[in-house]
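# Chain and residue survey
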Amino acid sequence: MTYTHLEIERTGHVVTCALSNPPRHTLNAVGVVELSQMLDEVESDPSVRVLVLTGAGEGVFVAHYEVNELADAAEQQGAGPADPAPGDDSGLHGFHQLLLRLERLHAVTIAALNGSAAGGGCELSLGCDFRLMADGPFGYGLPETLVGIIPGGGGTQRFARLLGTARALDLILHGRILSPAEALEIGLVHRVFCADSFRDQVAAFAADLAGRAPLALAAAKRAIHEGSRLTLEQGLAVEQACFGQVMGSKDAAGAMRAFLAGESYEWKGK
C-alpha cells in the first residue's frame, strides 16, 4: 500500500514505520487513518514480531496533533461523538481505537522518539510497549492546558496509570514539557540513547526483541496490559489463560527440550 504520511521499511521480523508530514511534522486525521491501515497489514502478518514507530523529520518524532484541525473542531462547539459507555470502545474516536490496537497487537511495539514529541505525538508514543528517546534538546509532554484544552488522545489516562494521579495532575495541569533525562527519571521512557547512534541502538533493541520467543512475548504483553485493568484475581485468570496458550505451542516444547539438552532453538512462532 502507498501512504502519504508513512514511510515503511522491513528488516527480517521488524517493521519500521516513519511518520512524515513536513514541514511541521504534526499528526493529522489522514495520518491516523494511514496508521490504522498500516496496522491492518501488520495484524494480518504473524511473521512481524516488532513494530517500530519513529519520526521521519530531523529531531522530531511528532511535534503535536495538527492544531488547525483541533481549532476547527472547537469552533464547531462540541460536535463530537457522544460519550461511550464504560468498557465499550466502539464509541471512541479513531485515535483512541488506534492506540488500543497498538496495545492489543501481537507484535511488540516501540516508539523510537528521535526528537521532540508533545501533545498527540506524546500520546501516540504512550500507546506503544516501549519508548526509546534520543538525548538532546528535545521535549516530551502534554502541554494542552496551555491552549485551553486537555489531552484528548488518552494522555490523562495513560499518564495516571504510568505515573500515578499526583504526578499526572502536576504534569498535565502545568502543561510541563520534560527533557529526555527527566522523562527517563520518572519512567515515561524506557531508554535514552545518544542522538548520534540513536537509530543503530533502536535497531539493536528491536532486533533483540525480534529474536526472542514471539508467542511468549505476545502472551506476556496481553497478560500485562489486560491484567493491569483488572482485580488481582481476574488478572491471574488472564495470565493463566495466556500461560496455557504458550504451553500448548510447539515452540514451548521445543525450546524447553533444547534447554535441557544444552542446545539452541530457533523460534518457529507456532
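Note that the structure is a prediction, hence the values are computed from the model and not measured.

### A look at the pattern of salt bridges
Where charged atoms of side chains with opposite charge meet at close range, the side chains can pair. Tallied over the full model, the rule gives eight salt bridges. Between Lys221 and Asp129 there is a salt bridge; the shortest N-O distance is 2.9 Å. With a gap of 92 residues between them, Lys221 in helix H9 (residues 214–227) and Asp129 in the loop between helix H4 (120–126) and strand S7 (130–134) connect regions that are remote in the sequence. Pair check on accessibility: Lys221 and Asp129 agree, each one buried. Put simply, Arg176 and Glu182 hold a salt bridge, and the shortest N to O gap is 3.7 Å. The partly exposed category is assigned to Arg176, whose relative accessible area is 35%. A single salt-bridge network, built from bridges that share partners, covers Asp40, Glu43 and Arg101.

### Here's the deal with the sheet that holds S7
Strand order in the open sheet formed by six strands is S1-S2-S3-S5-S7-S10, and the pairing between neighbours is mixed. Single-partner strands in this sheet number two, and they are strand S1 (6–11) and strand S10 (191–193). Direction aside, the axes of adjacent strands within the sheet are offset by 20° on average. As paired elements, S7 and S10 share three bridges and run parallel to each other. Its bridge partner being in S10, Ala134 is matched across the sheet by Phe193.

### Section: helix H10 (residues 232–247)
Taking 1.5 Å per residue, 16 residues should reach 22 Å; H10 reaches 22 Å between its end C-alpha atoms and fits that length. Listed as buried for H10 are Gly235, Val238, Cys242 and Val246. All buried residues of H10 lie within an arc of 75° about the axis, which places them on one face of the element. Across from the buried face of H10, at angles greater than 90 degrees, the exposed residues are Glu233, Gln240 and Phe243.

### Comments concerning the confidence of the model for the protein
Should the pLDDT be low somewhere, the predicted coordinates at that spot are not to be read in detail. Here the protein averages 92 in pLDDT, and 92% of its residues register 70 or above. Across residues 79–87, confidence stays below pLDDT 50; counting only partners more than four residues off in sequence or on other chains, it has four contacts.

### A word on the sheet that holds strand S4 (residues 60–62)
Pairing in this open sheet of four strands is mixed, and the strands run S4-S6-S8-S9 from one edge to the other. Lying at the two open borders of the sheet, with one neighbouring strand each, are S4 and strand S9 (177–178).

### Digging into the layout of surface pockets
In this model, the second largest pocket occupies a volume close to 460 Å³. Taken together, 26 residues line the second largest pocket, and the ones lying closest to its centre are His106, Pro214, Leu215, Ala218 and Ala219. Contributing elements (two or more residues each) for the lining of the second largest pocket: helix H3 (94–104), H9 and H10. Element by element, the count of residues in the lining of the second largest pocket is highest for H9, at nine residues. Classifying every residue of the lining of the second largest pocket by side-chain character gives 12 nonpolar, six polar and eight charged.

### Considering a nonpolar patch on the surface
Nonpolar side chains collect at one region of the surface, where Leu146, Val147 and Ile149 lie side by side and expose about 310 Å² of accessible area between them. For Leu146, the location among the structural elements is in the loop between strand S8 (140–141) and helix H5 (155–163). For Leu146, a relative accessible area of 60% puts it in the exposed group.

### A look at the nonpolar core
Counting residues in each nonpolar core, the largest one holds 58 residues, and the members touching the most others are Leu35, Met38, Leu53, Leu124, Tyr140 and Phe159. For this core, the leading source of residues is helix H8 (residues 198–210), giving six residues. Not counting the four nearest positions on each side in its chain, Leu53 is found in contact with Cys17, Leu19, Leu35, Met38, Phe61, Leu102, Ile110, Ala111, Ala112, Leu124 and Cys128.

### Topic: the pairing of S1
Within a regular strand, the side chains alternate between the two sheet faces. Bridge analysis of S1 against strand S2 (residues 14–19) gives six bridges, and the strand direction is antiparallel. Considered in S2, the bridge of Glu7 is made with Ala18. The hairpin turn running from S1 into S2, its antiparallel successor, is two residues long, and Gly12 in that turn takes a positive phi close to 60°.

### Regarding the packing of aromatic side chains
Within the structure shown, the criterion is met by three aromatic pairs. Aromatic side chains Phe193 and Phe198 sit 6.4 Å apart centroid to centroid with 50° between the ring planes, which places their arrangement in the tilted category. On the basis of relative accessibility, which here comes to 11%, the residue Phe193 falls in the buried class. The buried category is assigned to Phe198, whose relative accessible area is 3%.

What counts and how
- Residues numbered from 1 in each chain as written.
- Predicted model: local features only at pLDDT ≥ 70, side-chain atom pairs only at ≥ 80, totals over all residues.
- Heavy atoms only, no water.
- Salt bridge = Lys/Arg side-chain N within 4 Å of Asp/Glu carboxyl O.
- Helix = DSSP H or I, 4+ residues; strand = E, 2+ residues; numbered from the N terminus.
- Buried < 20%, exposed > 50% of the residue type's maximum accessible area, 1.4 Å probe, protein only.
- Pairing = 2+ DSSP bridges.
- Axes fitted to C-alpha atoms, helices over the stretch in contact; angles between N-to-C directions.
- Expected span 1.5 Å × (residues − 1).
- Arc of directions from axis to C-beta.
- pLDDT = per-residue confidence, 0-100.
- Contact = heavy atoms within 4.5 Å.
- 1 Å grid on protein atoms, 1.4 Å probe; cavity = no way out; pocket = protein on both sides within 12 Å on 5 of 7 lines; lining within 4 Å.
- Points joined across faces, edges and corners; volume = space filled by probe spheres on them.
- Nonpolar A, V, L, I, M, F, W, Y, C, P; charged D, E, K, R; others polar.
- Patch = residues over 30% accessible without salt bridge, like charges linked within 9 Å, V, L, I, M, F, W, Y side chains within 5 Å.
- Areas by Shrake-Rupley, 256 points an atom, 1.4 Å probe, with all protein chains shown as cover.
- Core = buried A, V, L, I, M, F, W, Y, C linked by side-chain atoms within 4.5 Å.
- Phe/Tyr/Trp six-rings, centres within 6.5 Å; stacked < 30°, edge-to-face > 60°.

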